[in-house]
Amino acid sequence: AVARPPAALAWRPLAWVGAVSYGLYLCHVPLLLWLRGHDLLPLNPVGATLVALPLSLLAGWLSFRFVERQAIGDLYDYPLPGRRVLFSARWTTAR
């Protein structure tokens, strides 16, 4: 029998954070440094979180939307020699 993942992993907000997590990981430290360098980051940890978290999530989403999705699509559409296309809606339509 195949084990099912916990139901919490299917919760849409959590799934969205998972989708943007790599971009969030890449962008949050440079964003924090930029905010701190321009005196835009409060010294209070709660205030800093309220400022930095929405901006970091936005940066992560932008990275996912405009960089990662494009790269993932390219991997699926243009496989390496000897590899099959796993899935592509573009390949199912006439070119």
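Residues numbered from 1 in each chain as written. Predicted model: local features only at pLDDT ≥ 70, side-chain atom pairs only at ≥ 80, totals over all residues. Heavy atoms only, no water.

Asks: Describe the overall build of the protein chain, and please don't skip the residues or the numbers.
Replies: Along the backbone of the protein chain there are two helices and zero strands. Buried positions account for 17% of the 95 residues belonging to the protein chain. Pairs at least 24 residues apart make up 39% of the contacts formed inside the protein chain by residues separated by at least 6 positions. Carbon and sulfur atoms provide 69% of the accessible area of the protein chain, an area that totals close to 7900 Å². (Helix = DSSP H or I, 4+ residues; strand = E, 2+ residues; numbered from the N terminus. Buried < 20%, exposed > 50% of the residue type's maximum accessible area, 1.4 Å probe, protein only. Contact = heavy atoms within 4.5 Å. Areas by Shrake-Rupley, 256 points an atom, 1.4 Å probe, with all protein chains shown as cover.)

Asks: Report on helix H1 (residues 12-37), specifying residues and quantitative values.
Replies: A rise of 1.5 Å per residue sets the reference length of H1, with its 26 residues, at 38 Å; its end C-alpha atoms lie 35 Å apart and thus fit the reference within 8%. Along H1, the sharpest kink reaches roughly 55°, centred on Val20. Residues of H1 that are buried: Val20, Gly23, Leu24, Leu31 and Leu35. Of the residues trailing H1, Asp39 is marked for its positive phi of about 50°. (Expected span 1.5 Å × (residues − 1). Bend = angle between axes of the 7 residues up to and from the residue.)

Asks: Let's hear about the nonpolar core: which residues, and what values?
Replies: Counting five residues, the largest nonpolar core consists of Leu31, Leu35, Leu41, Ala48 and Ala52. Looking at this core, the elements that each hand over two or more residues are H1 and helix H2 (45-77). Sequence-distant contacts of Leu31, that is, excluding residues within four places in its chain, are made with Ala52, Leu55 and Ser56. (Core = buried A, V, L, I, M, F, W, Y, C linked by side-chain atoms within 4.5 Å.)

Asks: Quick rundown of the packing of aromatic side chains? Include the residues and the values.
Replies: Applying the stated rule across the entire model yields two aromatic pairs. Measuring from centroid to centroid gives 6.4 Å for Tyr22 and Tyr25, while their planes differ by 35°, and the two rings are tilted. Within this pair, Tyr22 and its partner Tyr25 are both found in helix H1, separated by three residues, close to a single helical turn. What makes Tyr22 partly exposed here is its relative accessible area of 48%. For the pair Trp61 and Phe66, a centre-to-centre distance of 6.3 Å together with 80° between the ring planes defines the contact as edge-to-face. (Phe/Tyr/Trp six-rings, centres within 6.5 Å; stacked < 30°, edge-to-face > 60°.)

Asks: Report on a nonpolar patch on the surface, specifying residues and quantitative values.
Replies: A contiguous nonpolar patch, built from Trp16, Val17, Leu58, Trp61, Leu62, Phe66 and Val67 and spanning about 630 Å² of accessible area, is present on the exposed surface. When residues of the nonpolar patch are traced back to their parent elements, those giving at least two are H1 and H2. It is H2 that provides the largest number of residues to the nonpolar patch, a total of five residues. Using a relative accessible area of 35% as the deciding quantity, one classes Leu62 as partly exposed. (Patch = residues over 30% accessible without salt bridge, like charges linked within 9 Å, V, L, I, M, F, W, Y side chains within 5 Å. Salt bridge = Lys/Arg side-chain N within 4 Å of Asp/Glu carboxyl O.)

Asks: I'd like a rundown of the environment of Leu35, residues and numbers included.
Replies: Mapped onto the fold, Leu35 is located in helix H1. Residues Leu35 and Ala48, 13 residues apart in the sequence, show an inter-C-alpha distance of 9.5 Å. Leu35 has contacts with Leu40, Leu41, Val51, Ala52 and Leu55, leaving out every residue within four places of it along the chain.

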